Amino acid sequence: MRQELGPINALYPTPTVLVGATVNGKPNFITVAHIGIMTHTHISIGLGKIHYTNAGIHENRAFSVCLPSVDLVVETDYCGIMTGKKTDKSSLFDIFYGELRSAPMIAQCPVCMECRLDQVIDYPSHDVFIGEIVQTHAAAEVLADGKVDISRLRPLLFDMASKQYWSLGEAVANCWNVGKQLKHGLH
Ligand SMILES: Cc1cc2nc3c(=O)[nH]c(=O)nc-3n(C[C@H](O)[C@H](O)[C@H](O)COP(=O)(O)O)c2cc1C
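Everything quoted here is computed from the prediction, not taken from an experiment.

### Structural notes on the side chain of Thr22
- With respect to the helices and strands, the residue Thr22 is situated in strand 2 (residues 17-23).
- Discounting residues that sit within four places of it in the chain, Thr22 has contacts with Pro27, Gly56, Asn60, Ser102, Ala103 and Pro104.

### Things to note about the layout of surface pockets
- Of the voids in this model, the largest pocket is the one considered here, and its volume is about 650 Å³.
- As for the largest pocket, its lining consists of 21 residues, of which Pro15, Ile37, Ile43, Leu67 and Met113 are closest to the centre.
- With 3 residues, the single largest contributor to the lining of the largest pocket is strand 4 (residues 35-37).
- Volume-wise, the second largest pocket comes out at about 500 Å³.
- What lines the second largest pocket is a set of 26 residues, among which Ile30, Thr31, Val32, His51 and Gly80 lie closest to the centre.
- Sorting the residues of the lining of the second largest pocket by element identifies strand 3 (26-32), strand 5 (42-48) and helix 2 (73-79) as the ones contributing at least two each.
- Here the lining of the second largest pocket takes 4 residues from strand 3, the largest share from any one element.
- Split into classes, the residues belonging to the lining of the second largest pocket amount to 12 nonpolar, 11 polar and 3 charged.

### A look at the sheet that holds strand 3
- Strands sit in the order 3-2-6-9-10-5-4 across an open sheet of 7 strands; the sheet is antiparallel. With one partner strand each, in any of the chains shown, strand 3 and strand 4 form the two edges of the open sheet. This sheet shows a mean twist of 35 degrees between the axes of neighbouring strands, independent of strand direction.
- In the sheet, strand 5 pairs with strand 10 (residues 126-138) via 7 bridges, with the strands oriented antiparallel. Within strand 10, the position partnered with Gly46 by the bridge is Val128.
- Running at roughly 65 degrees to strand 2, helix 1 (residues 53-60) makes contact with strand 2, strand 3, strand 5, strand 6 (62-67), strand 9 (111-122) and strand 10 of the sheet.

### Describing the site of the ligand
- Close to the ligand lie 22 residues; Thr31, Thr53, Met82, Thr83 and Gly84 are nearest.
- Between the ligand and the protein, one listed contact pairs a nitrogen atom with a backbone N or O atom of Ala33 at 3.0 Å.
- A distance of 2.9 Å separates an oxygen atom of the ligand from a polar atom in the side chain of Lys89.
- When isolated, the ligand has an accessible area of 650 Å², and the protein chains bury 86% of it.
- Taken atom by atom, the bulk of the ligand overlaps the second largest pocket.
- Of all the secondary-structure elements, those providing two or more residues to the shell around the ligand are strand 3, strand 5 and helix 2.
- Residues belonging to the shell around the ligand are distributed by class as follows: 10 nonpolar, 10 polar and 2 charged.

### Some details on the sheet that holds strand 13 (residues 157-159)
- One open sheet holds the 3 strands; their spatial order is 1-13-14, and the pairing between them is antiparallel. On the outer flanks of this sheet lie strand 1 (14-15) and strand 14 (164-166), each paired with one strand and no other.
- Relative to strand 14, strand 13 is paired through 3 bridges, and the arrangement is antiparallel. In the strand pairing of strand 14, Phe158 is matched with Tyr165.

Calculation criteria
Residues numbered from 1 in each chain as written. Predicted model: local features only at pLDDT ≥ 70, side-chain atom pairs only at ≥ 80, totals over all residues. Heavy atoms only, no water. Helix = DSSP H or I, 4+ residues; strand = E, 2+ residues; numbered from the N terminus. Contact = heavy atoms within 4.5 Å. 1 Å grid on protein atoms, 1.4 Å probe; cavity = no way out; pocket = protein on both sides within 12 Å on 5 of 7 lines; lining within 4 Å. Points joined across faces, edges and corners; volume = space filled by probe spheres on them. Nonpolar A, V, L, I, M, F, W, Y, C, P; charged D, E, K, R; others polar. Pairing = 2+ DSSP bridges. Axes fitted to C-alpha atoms, helices over the stretch in contact; angles between N-to-C directions. Near = heavy atom within 4 Å. Polar contact = N/O pair within 3.5 Å; in protein donor to acceptor, adjacent residues only side chain to side chain. Areas by Shrake-Rupley, 256 points an atom, 1.4 Å probe, with all protein chains shown as cover. Sits in = over half its atoms within 2 Å of the grid points.

In short, shape yes, function no, at least from these values alone.
Take a look at the structure:
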């Protein structure tokens, strides 16, 4: 027996990220779970139009996507509770910049991507910003063979149904590999 839940978005968990932007000349960070992979080089973030951050991304055409580990759960949640309209969230973190001078990044986040705004999808309630990744900055501690190792990164996952942060489980099987056993017929 299956139940119809209505048009509920069930695409969780997603990573929880901190998006950095320069707003009114100052760095600001917003917590975002509506993040998507568009292509190997382009990512999307869906921001409600009421948020303080949006104007800064429109103005400077740049933003960062920083990946907190589970250790940064309190600061990450705080950035999703407080608005830059009233609170300076920039003093929470050590900030650094890369090529894009208006995409502030967080030193405490093991991986940060700086993105140039490529296009905006204008929904009535949300701006979906699509950014082209121009550089990815990673702490050596989370790398293995020069690649981000998610078991070292320990990403902070978000689930809407439980309204909780989750951590990553175990690897299950090798991609583009485990399915090969069905090539010779089902067992
Ligand atoms: C875990 C979590 C995930 C969130 N994800 C999003 C999101 O994907 N899009 C969005 O517009 N707001 C999201 N929010 C809400 C914003 O982070 C929050 O309203 C924030 O205070 C806005 O900051 P700003 O006004 O400084 O831009 C999320 C909040 C939390 C706690």
